[in-house]
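A closer look at the structure
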Amino acid sequence: MSNEKQVDSGRRGLLVATCAAGGVAGLATAGAFVSTFQPSERAKAAGAPVEVDIAGLAPGEMKTVEWRGKPVWILKRSPEMVESLKKTDGQVADPKSERNANDLTPEYARNEYRSRKPEILVAVGICSHLGCSPTTKLTPGAQPSLPDDWQGGFLCPCHGSTFDLAGRVFKNKPAPDNLQVPPHMYLSDTKLIIGKDEKGEA
């Protein structure tokens, strides 16, 4: 093979390699560009609103969703559960949700039920003491680590803080505040959005 043919062959190889590399780079760039249209994990963690369908939630049932990396409880209270809140009014530390109200309880939830609808509780499942996640103790009656007249609610296993079925902390417990009620609103009777209300995103 002559030197001229060797040079042409070398140029052709270089051209093919360059085009291939350019194509890969182009695809990578296009992929990165398309991915910018998707909400990133960072954006989700930063607090993108979360839509929740509660159509299948029966009275006494609870579902958990994630918002800002935190568990958010959605409890559909039975009529008996709603009625029990009157019994715990005198036992909880902040029955009217007046403590740190702007941070913990939106104005529309500053009521006996701490909710927009009496039967639906929406609360962040993180104890206000040291950030543990309480366990559900929805069944009323005497149980280990709970009083004999327990009406149902939540127990933080770390240091024994207890909360009623509205997320209100009982008196003389380590937790200083009620559970947080996140901004939320109903999109329909069976769908709500967490992290956003009439004032906009949280």
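Residues numbered from 1 in each chain as written. Predicted model: local features only at pLDDT ≥ 70, side-chain atom pairs only at ≥ 80, totals over all residues. Heavy atoms only, no water.

What counts, and what does not: UniProt positions are given in the numbering used here, feature names are shortened, and annotations may be inferred rather than shown by experiment.
Identification of the protein as Ubiquinol-cytochrome c reductase iron-sulfur subunit from Noviherbaspirillum denitrificans is taken from an unreviewed UniProt entry. The record in UniProt for the protein states the following under Subunit (unreviewed entry): "The main subunits of complex b-c1 are: cytochrome b, cytochrome c1 and the Rieske protein." The UniProt entry for the protein carries the following text under Catalytic activity (unreviewed entry): "a quinol + 2 Fe(III)-[cytochrome c](out) = a quinone + 2 Fe(II)-[cytochrome c](out) + 2 H(+)(out)".

**Observations regarding the sheet that holds strand S8 (residues 184-188)**
This is how the line gets drawn: At least two DSSP bridges between two strands are needed for those strands to be called paired. Secondary structure is summarised from DSSP: a helix means a run of H or I of at least four residues, a strand means a run of E of at least two, and numbering begins at the N terminus for each. To define axes, lines are fitted to C-alpha atoms, for helices over the stretch in contact only, and angles between the resulting N-to-C directions are given on a 0 to 180 degree scale.
Strand order in the open sheet formed by 3 strands is S1-S9-S8, with antiparallel pairing between adjacent strands. Only two strands of the sheet have a single partner each, and these edge strands are strand S1 (50-53) and S8. Going across the sheet, the axis of each strand differs from the next one's by a mean of 30°, ignoring polarity. Bridge count for S1 against strand S9 (residues 191-194) is 4 bridges, and the pairing is antiparallel. Note on S9: the bridge partner recorded for Val52 is Leu192.

**Quick word on the nonpolar core**
As a rule of thumb, nonpolar side chains are buried together in soluble globular proteins. For clarity, the cut-off: In this description, a nonpolar core means a group of buried Ala, Val, Leu, Ile, Met, Phe, Trp, Tyr and Cys residues linked to one another through side-chain atoms lying within 4.5 Å. Burial here depends on accessible area, computed with a 1.4 Å probe over protein chains only, as a share of the maximum for the residue type. Under 20% is buried, over 50% is exposed, and the range in between is partly exposed. Contacts: residue pairs with any heavy atoms within 4.5 Å of one another.
By size, the foremost hydrophobic cluster in this structure holds 17 residues, and its most contacted members are Leu75, Leu138, Phe154, Phe163, Leu165 and Leu179. Listing elements by their share of this core, those giving two or more residues are strand S3 (70-76), helix H3 (79-88) and strand S4 (120-124). Aside from chain neighbours lying at most four places away, what touches Leu138 is Gly60, Leu75, Met81, Gln151, Gly152, Gly153, Phe154 and Leu165. Counting 13 residues, the second largest nonpolar core, distinct from the first, contains Val52, Val65, Val122 and Leu192.

**Looking at the packing of aromatic side chains**
Note the cut-off: Only Phe, Tyr and Trp rings are paired, with Trp represented by its six-membered ring, and only when their centres lie within 6.5 Å; those with planes under 30 degrees apart are stacked, over 60 edge-to-face, the remainder tilted. A ring is considered to have a charge above it if a Lys NZ or an Arg CZ atom is located within 6 Å of its centre and within 35 degrees of its normal.
Inspection of every chain in the model, using the stated rule, returns 2 aromatic pairs. Ring plane angle 20° and centroid distance 4.5 Å describe the contact between Trp73 and Phe154, whose orientation is recorded as stacked. Taken as a pair, Trp73 in strand S3 and Phe154 in strand S6 (residues 153-155) lie far apart in primary sequence, 81 residues in all. An identical accessibility class is assigned to Trp73 and Phe154; each is buried. If you follow Arg116 out to its NZ or CZ, it ends over the ring of Tyr108, 3.6 Å from the centre.

**Focus: the sheet that holds strand S7 (residues 162-163)**
As summarised here, the arrangement of the 3 strands in space is S5-S6-S7, forming an open sheet in which the pairing is antiparallel. Looking at which strands have only one partner, the edges of the open sheet turn out to be strand S5 (135-137) and S7. Where S5 and S6 come together, 3 bridges link them in antiparallel fashion. Residue pairing for S6: Lys137 is matched across the bridge by Gly153.

**Quick notes on the state of the cysteines**
Basically, it comes down to this: The definition used for a disulfide is geometric: two cysteine sulfur atoms within 2.5 Å.
On inspection of all chains with the given rule, the structure shows 1 disulfide. In this model, Cys132 is linked to Cys158 through a disulfide, with the two sulfur atoms separated by 2.4 Å. Sign of the S-S torsion, about -115° for the bond between Cys132 and Cys158, identifies this disulfide as left-handed. A residue pair is termed long-range when its members are at least 10 positions apart, and Cys132 in the loop between S4 and S5 and Cys158 in the loop between S6 and S7 qualify at 26 residues. Look at Cys132 and you get buried, because its relative accessible area is 18%. Judged by relative accessible area, Cys158 falls into the partly exposed class, the value being 38%. Looking at the unpaired Cys127, the closest cysteine sulfur is the one in Cys156, lying at 3.9 Å. Its relative accessible area of 3% is what places Cys156 among the buried residues.

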